[in-house]
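# Observations on chain architecture
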Amino acid sequence: MFEQCLYFNTTSLARQLEREWTTAFKPFGLTPSQAFMLRVVLDKAPLLQSELALEMNISRPTATRGLDGLEKLGLIKRLASEKDGREQEIHPTKKAMDMKDAINAASGAVTKRLKKVLGTIHFEDVVGQLRGISSALKE
């Protein structure tokens, strides 16, 4: 019925992938969205909330909610920004930095398993196509 429906097929895939990454990040007490957001902060800090939202392709209010959760977990801190007085810089805490390698390894293990199931070339082709579709729809 929905064989040609981009929405149905991508959301179905998203639900399956959500389960994969939920399992991977559960030992850290993080949801997949929190874990991916934290990975960006760990990799690119200090950064402004607007920069984080742009990097993750999410709205600023969505970024705020995610950051609020990470702050409650003691994984990020917000400091006054010299770049933009209207925003705060986001920095990882020591607790977050201590988790960095393990979180990246957990995510990498899921990616490795998916590449094994799908084949590396097919996996990389699909990711590339999805990124291209996403970019085209932004325009």
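Residues numbered from 1 in each chain as written. Predicted model: local features only at pLDDT ≥ 70, side-chain atom pairs only at ≥ 80, totals over all residues. Heavy atoms only, no water.

### A look at helix α1 (residues 6-25)
To be explicit about the condition: Each helix corresponds to a stretch of at least 4 residues labelled H or I by DSSP, and each strand to a stretch of at least 2 residues labelled E; elements are numbered beginning at the N terminus. The span one expects for a helix is its residue count, reduced by one, times 1.5 Å. Burial status follows relative accessibility: with a 1.4 Å probe on protein chains alone, a residue under 20% of its type maximum counts as buried, one over 50% as exposed, and anything between as partly exposed. Here, residues are in contact when the closest pair of their heavy atoms is within 4.5 Å.
Here α1 spans 28 Å end to end across 20 residues, near enough to the 28 Å set by a 1.5 Å rise per residue. Burial in α1 covers these residues: S12, W21, A24 and F25. Elements in contact with the buried residues of α1: α2 (32-44) and α5 (94-118).

### What about the pairing of strand β3 (residues 88-92)?
For a regular strand, the rule is simple: side chains alternate between the two faces of the sheet. Basically, it comes down to this: Here the rule is simple: two strands pair whenever DSSP picks up at least two bridges between them.
Most of β3 sits out of view: four of its five residues are buried. Relative to β3, strand β1 (residues 47-48) is paired through two bridges, and the arrangement is antiparallel. By the bridge assignment, L47 is partnered in β3 with I90. Sheet topology note: the strand β2 (residues 76-80)/β3 ladder contains five bridges and is antiparallel.

### Here we look at the pattern of salt bridges
Stated formally: A pairing counts as a salt bridge when a side-chain nitrogen of Lys or Arg comes within 4 Å of a carboxyl oxygen of Asp or Glu.
On inspection of all chains with the given rule, the structure shows six salt bridges. With a closest N to O distance of 3.9 Å, E55 and K44 form a salt bridge. Residue E55 is located in helix α3 (residues 49-56), and its partner K44 is located in helix α2; the two are separated by eleven residues in the primary sequence. The structure contains a network of salt bridges with shared partners spanning D68, E71 and R78.

### Observations concerning the side chain of S107
This is how the line gets drawn: Distance and chemistry together define a polar contact, namely a pair of N or O atoms within 3.5 Å, with one atom able to donate a hydrogen and the other to accept it when in protein, and with adjacent residues in sequence counting only for side-chain atoms on both sides.
Within the fold, S107 resides in helix α5. A relative accessible area of 4% places S107 in the buried class. Of note is the side chain of S107, whose polar atom sits 3.1 Å from the side chain of W21. Excluding its chain neighbours within four sequence positions, the residues that come into contact with S107 are W21, F25, F36 and R39.

### Things to note about α3
Applied cut-off: Picture the helix axis, draw a direction to every C-beta atom, and the arc is the one those directions span.
Taken residue by residue, α3 has Q49, L52 and A53 as its buried positions. An end-on view of α3 places all buried positions within 100° of arc, on one side of the element. Directly beyond the C-terminal end of α3, a positive phi value near 60° is found at N57.

### With respect to the environment of A14
Relative to the helices and strands, A14 is located in helix α1. Judged by relative accessible area, A14 falls into the partly exposed class, the value being 40%. In sequence terms A14 and I103 are 89 residues apart; their C-alpha atoms lie 20 Å from each other.

### Some points on the packing of α2 against α3
What counts is decided by this rule: Fitted lines through C-alpha atoms serve as axes, helices being fitted only where they are in contact, and the angles separating the N-to-C directions of these axes extend from 0 to 180 degrees. Orientation labels follow simple angle bins: below 35 degrees gives roughly parallel, above 145 gives roughly antiparallel, 65 to 115 gives roughly perpendicular, and whatever is left gives oblique. Crossings are sorted by hand: turned counterclockwise from the far helix by less than a right angle, the near helix makes the crossing left-handed, and turned clockwise it makes it right-handed.
Put simply, α2 and α3 touch, their axes get as near as 11 Å, and they point 120° apart. Judged by the angle between their axes, α2 and α3 are oblique. In the packing of α2 onto α3, the handedness of the crossing is right-handed. Here S33, F36, M37, V40, V41 and K44 of α2 lie close against α3, whose contacting residues are L52, E55 and M56.

### As for the nonpolar core
The line we're drawing: Put simply, buried Ala, Val, Leu, Ile, Met, Phe, Trp, Tyr and Cys residues joined by side-chain atoms within 4.5 Å make one nonpolar core.
With 24 residues, the main nonpolar core has F25, L30, L38, L52, L70, L75 and I76 as its most contacted residues. Elements that contribute at least two residues to this core include exactly α1, α2, α4 (60-72) and α5.

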